[in-house]
Amino acid sequence: EIVMTQSPDTLSVSPGERATLSCRASQSVGSNLAWYQQKPGQAPRLLIYDTSTRATGIPARFSGSGSGTEFTLTISSLQSGDFAVYYCQQYKNWPLTFGQGTKVEIK
Amino acid sequence: EVQLVDSGGGLVQPGGSLRLSCAASGFTFSSYSMNWVRQAPGKGLEWVSFISGTSSTIYYADSVKGRFTISRDNAKNSLYLQMNSLRAEDTAVYYCARDGGNSGVNFDYWGQGTLVTVSS
């Protein structure tokens with residue numbers, strides 16, 4: 001099983017600032033990496049797939065990069081609606097696995 | 001508009017059974033693989049099971065293999081999860097999620113979730 005590890009667990013950021021979230025895989029997943037946003041009481045929402053492709057309707061301030069075992073989600077200028085928990089997910093191998101999540105909170 | 005509506009959750013005793021349903025609309029259901037993903041209270045996301053559009057390919061997480069059965073009825077645009085021999089650690093919100101059909105299995109649309117509580 002591929003273990004996904006996200007860092008940090010919590011990120012405190014002021015509105016308008018940049019947020020950088022990391023995701024590490026225990027073995028290479030190529031570019032088969034997705035990012036999700038989840039707000040309290042809601043289902044997750046797909047942000048990024050194939051490492052860097054934004055899903056439909058996702059604003060350009062969200063960007064993804066990386067390959068192999070190291071990946072990054074960058075939110076260029078945080079808005080109030082961006083404070084949430086973010087998960088990475090690999091789909092290179094079965095079973096599909098998620099990271100433990102990074103909570104982005106208001107500083 | 002793509003919609004997934006989860007139902008069937010509730011309180012069940014350890015060792016009991018429950019059947020979850022997911023009603024799909026707004027897309028050609030038979031053309032998409034589907035999944036169940038769960039989230040224990042206050043915890044992260046855990047993939048549970050996958051089924052291809054024709055039901056020819058099915059996968060399970062080791063944690064549920066032999067106890068849960070995924071199925072679908074393309075004529076009814078519905079996805080199911082039969083859960084048997086339930087344990088306390090199966091307590092979670094269960095989401096159905098559509099496979100986006102990109103280069104691999106990721107989840108582009110999700111249901112609202114249905115809560116399963118396993119407790120005596």
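Preceding this paragraph is the structure being described.
As the structure is a prediction and not an experimental result, all values here were calculated from the model. (Residues numbered from 1 in each chain as written. Chains lettered and ligands numbered in written order. Predicted model: local features only at pLDDT ≥ 70, side-chain atom pairs only at ≥ 80, totals over all residues. Heavy atoms only, no water.)

> Honestly, the pattern of salt bridges in this entry has me stumped. Any pointers?
Opposite charge on two side chains permits pairing when their charged atoms draw close. In total, this model carries 7 salt bridges over all chains according to the counting rule given. Of the charged contacts, one joins Arg24(A) and Glu70(A) as a salt bridge, the two residues approaching to 2.5 Å between their closest N and O atoms. Taken together, the residues span a long stretch of sequence, with Arg24(A) in strand E3 (residues 19-25) and Glu70(A) in strand E8 (residues 70-75) at a distance of 46 residues. Measuring nitrogen to oxygen at the nearest pair gives 3.1 Å for the salt bridge that ties Asp62(B) to Lys65(B). Under the relative-accessibility criterion, Asp62(B) is labelled exposed at 64%. The network of salt bridges with common partners includes Arg38(B), Glu46(B), Arg67(B) and Asp90(B). (Salt bridge = Lys/Arg side-chain N within 4 Å of Asp/Glu carboxyl O. Helix = DSSP H or I, 4+ residues; strand = E, 2+ residues; numbered from the N terminus. Buried < 20%, exposed > 50% of the residue type's maximum accessible area, 1.4 Å probe, protein only.)

> Looking at this structure, how should I read the sheet that holds strand E3 (residues 18-25) of chain B?
Across a sheet, paired strands are connected by hydrogen bonds in the backbone, their directions being either parallel or antiparallel. Residues and elements named next belong to chain B. Read across the open sheet, the 4 strands follow the order E1-E3-E8-E7; overall the sheet is antiparallel. One side of each edge strand has no neighbouring strand; the edge strands of this open sheet are strand E1 (3-7) and strand E7 (68-73). Between one strand and the next, the sheet's axes are offset by a mean angle of 15 degrees, whatever the strand orientation. As judged from the 5 bridges shared by E1 and E3, these two strands associate in the antiparallel manner. Bridge pairing in E3 links Gln 3 to Ser 25. (Pairing = 2+ DSSP bridges. Axes fitted to C-alpha atoms, helices over the stretch in contact; angles between N-to-C directions.)

> Mind showing me how you'd approach the pairing of strand E11 (residues 114-118) of chain B here?
Put simply, side chains in a regular strand alternate between the two faces of the sheet. All names here are of chain B. Going residue by residue along E11, you find Thr 114, Val 116 and Val 118 tucked away on one face and Leu 115 and Thr 117 left uncovered on the opposite face. In this structure, strand E2 (residues 10-12) lies alongside E11, joined through 3 bridges in parallel fashion. Residue pairing across strands places Val 12 opposite Val 118, the latter belonging to E11. Summarising the sheet, strand E9 (residues 92-99) and E11 pair through 3 bridges and their orientation is antiparallel. What sits directly across from Val 93, in E11, is Leu 115.

> Mind showing me how you'd approach the packing of aromatic side chains here?
A ring pair, where both rings are aromatic, is described by two values, the distance of the centres and the angle of the planes. A complete count under the given rule lists 12 aromatic pairs over all chains for this structure. When the centroid spacing of 5.7 Å and the interplanar angle of 80 degrees are considered together, the rings of Tyr36(A) and Trp110(B) count as edge-to-face. Highlighted residues: Tyr36(A) in strand E4 (residues 33-38) and Trp110(B) in strand E10 (residues 107-110), drawn from two different chains. Across the pair, exposure class does not vary: Tyr36(A) and Trp110(B) are buried alike. Both rings, one in Trp94(A) and one in Tyr59(B), keep their centres 4.1 Å apart while their planes meet at 25 degrees; by these two values the pair is stacked. With one member in each of two chains, Trp94(A) in the loop between strand E9 (85-90) and strand E10 (97-98) and Tyr59(B) in strand E6 (residues 58-60) form a pair that bridges those chains. Joined through ring pairs, the aromatic side chains of Tyr36(A), Phe98(A), Tyr95(B), Phe107(B) and Trp110(B) make up one cluster. Over the aromatic face of Phe29(B) sits the side chain of Arg72(B), whose NZ or CZ is 4.2 Å from the ring centroid. Against the face of Phe27(B) rests Arg98(B), its NZ or CZ located 4.8 Å from the ring centre. (Phe/Tyr/Trp six-rings, centres within 6.5 Å; stacked < 30°, edge-to-face > 60°. Lys NZ or Arg CZ within 6 Å of the ring centre and 35° of its normal.)

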